[in-house]
Amino acid sequence: MKNLLPNWGRTALLCLLCFSGLSLLAQPANDDCANPIPIALGDMISATTADATSENIAYAGATCTFGPANNSFFDRGIWYSFVAPAEPINVMVFGGFGPGLNAQVAILSGGCQTLTCEEARALPLGPNATINNLQLNEGETYLLYIDGFLGDRGSFMVEACAAELSCNDASVYLDENGEASVTPMELAMATCNQTDITISQSDFACADIGPVTVTVSQPNEIDCTSTVTVIDTIKPIIVCEAITVAIGADGTAMIENDDAVVSIDDNCDMDPSGPFTVGGPINGRTFDCSFVGTTVQRTVVATDMSGNRGECTYDVTIVDEIPPTLECPAELTVYLDENGADTLRNNEWDFTEL
């Protein structure tokens, strides 16, 4: 018989919790069949049946030998739900610690008033209960019921997992260096026996952005595949500096999109789209004489190949550095008075400021 128990790491963790008193165990928020607590395959769940309420259920098929009964004093347990994988599953309930539970477990399908018993197990007067190699319909949701033999109350831990190698998809996010990685356990989380699992690719880079098919392998098991989605969410980093722009001879000035940009860096894209000026007036890069002596702010953006947009806001000071140009008359006639003198006055000059 293979893969009936989790790997040694999980077992060691379980033993540690067993001898610690499990002070963290608590009554689940809901112990009703109509609102079961969803669990993921491969998760180790801890709880207690100490204050569980009686059931309100009905069977469409044969009742479980060790399953829940309708409004029974003895049957006051905890309800979970899970989605079945393609592979057979194992369910392990550990009740031998703290105020331990003499556990019994059942897997059921259907609604609370039309339940069908798929499998049930108990070890009378023993703390643990297991269901092994139960084949269910892939993708369907099943109910998992845990209570104590003959109404016993107490704490327990439970894990449902795939009895054979089972793959799951995952997403990874590239870091500031454009790198990401996954472990075999992350791609085979639901598998009971996680010994010697290997994967065809564990490291990912910018060239992998998008879905990547990874093969998961284990000795004496059939390979399965996971889709690892590689995602880049890091924005380009734009460094800007304040600039000064001078009005030209035509009374206008224009800045280019990259005039204030010192650098643009991105973890993946060496040539992001941009920079482009955004916000501000429609002609935000053009200034006329009305701006002279003012400082305004403008923003530039750059977008990488994953659609991440970085931005930078900088100051633009507008100045006029061109002195006036005077055009003087070619000649001026003055008339001397009786003293033989005359005074030139400003308003007597006919000159034009250009």
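Further up the page is the structure itself.
Read on for an overview of the structure. (Residues numbered from 1 in each chain as written. Predicted model: local features only at pLDDT ≥ 70, side-chain atom pairs only at ≥ 80, totals over all residues. Heavy atoms only, no water.)

**A short note on the packing of aromatic side chains**
Quick reminder of the rule: Aromatic rings from Phe, Tyr and Trp, taking only the six-membered ring of Trp, are treated as a pair when their centres fall within 6.5 Å; an angle between ring planes under 30 degrees marks them as stacked, one over 60 as edge-to-face, and anything in between as tilted. Secondary structure elements are defined from DSSP: runs of H or I of at least 4 residues count as helices, runs of E of at least 2 residues count as strands, and each element is numbered from the N terminus. Exposure classes here rest on a 1.4 Å probe applied to the protein chains alone. A residue is buried below 20% of its type maximum, exposed above 50%, and partly exposed in between.
Under the criterion given, the structure shown has 4 aromatic pairs. Centre to centre, the rings of tryptophan 79 and tyrosine 145 are 4.7 Å apart; their planes meet at 50°, and the pair counts as tilted. With tryptophan 79 in strand S3 (residues 78–83) and tyrosine 145 in strand S8 (residues 141–148), this residue pair connects regions lying 66 residues apart in the sequence. For the pair formed by tryptophan 79 and tyrosine 145, the shared burial category is buried. Between phenylalanine 287 and phenylalanine 291, the ring centres sit 5.2 Å apart and the planes meet at 85°, which makes this aromatic pair edge-to-face.

**Some points on unusual backbone geometry**
With an omega of 5°, the peptide bond running from glycine 274 to proline 275 counts as cis. We note that asparagine 133 has phi near 55°; this positive angle belongs to a residue other than glycine. Considering the arrangement of structural elements, one finds asparagine 133 in strand S7 (residues 129–134). Unlike most non-glycine residues, asparagine 220 shows phi in positive territory, near 65°.

**Here's the deal with the sheet that holds strand S4 (residues 89–94)**
This is how it is decided: Two strands are said to pair when DSSP picks up at least two bridges between them. Helix axes are fitted only over the stretch in contact, all axes being lines through C-alpha atoms; the angle between N-to-C directions runs from 0 to 180 degrees.
Spatial strand order, S2-S9-S4-S7: 4 strands in an open sheet with antiparallel pairing. In this open sheet, the two strands that pair with only one neighbour each are strand S2 (44–48) and S7. Across this sheet, the average inter-strand angle for adjacent strands is 15°, counted without regard to direction. By the bridge criterion, 4 bridges tie S4 to S7 in an arrangement that is antiparallel. Considered in S7, the bridge of methionine 92 is made with threonine 130.

**Observations regarding the state of the cysteines**
Applicable threshold: Whenever a pair of cysteine sulfur atoms sits within 2.5 Å, that pair is classed as a disulfide.
Tallied over the entire structure, the rule returns 6 disulfides. There is a disulfide in this structure between cysteine 64 and cysteine 117, and the S-S distance comes to 1.7 Å. Residues cysteine 64 and cysteine 117 are joined through a disulfide that is right-handed, its torsion about the S-S bond being 115°. With a gap of 53 residues between them, cysteine 64 in the loop between S2 and S3 and cysteine 117 in strand S6 (residues 116–122) connect regions that are remote in the sequence.

**Observations regarding the sheet that holds strand S12 (residues 198–199)**
Strand order in this open sheet of 4 strands is S10-S15-S14-S12, and the pairing throughout is mixed. The open sheet has two edge strands with one neighbour each: strand S10 (170–173) and S12. In this structure, S12 lies alongside strand S14 (residues 210–217), joined through 2 bridges in antiparallel fashion. Counted as the bridge partner of isoleucine 199 is valine 216 from S14.

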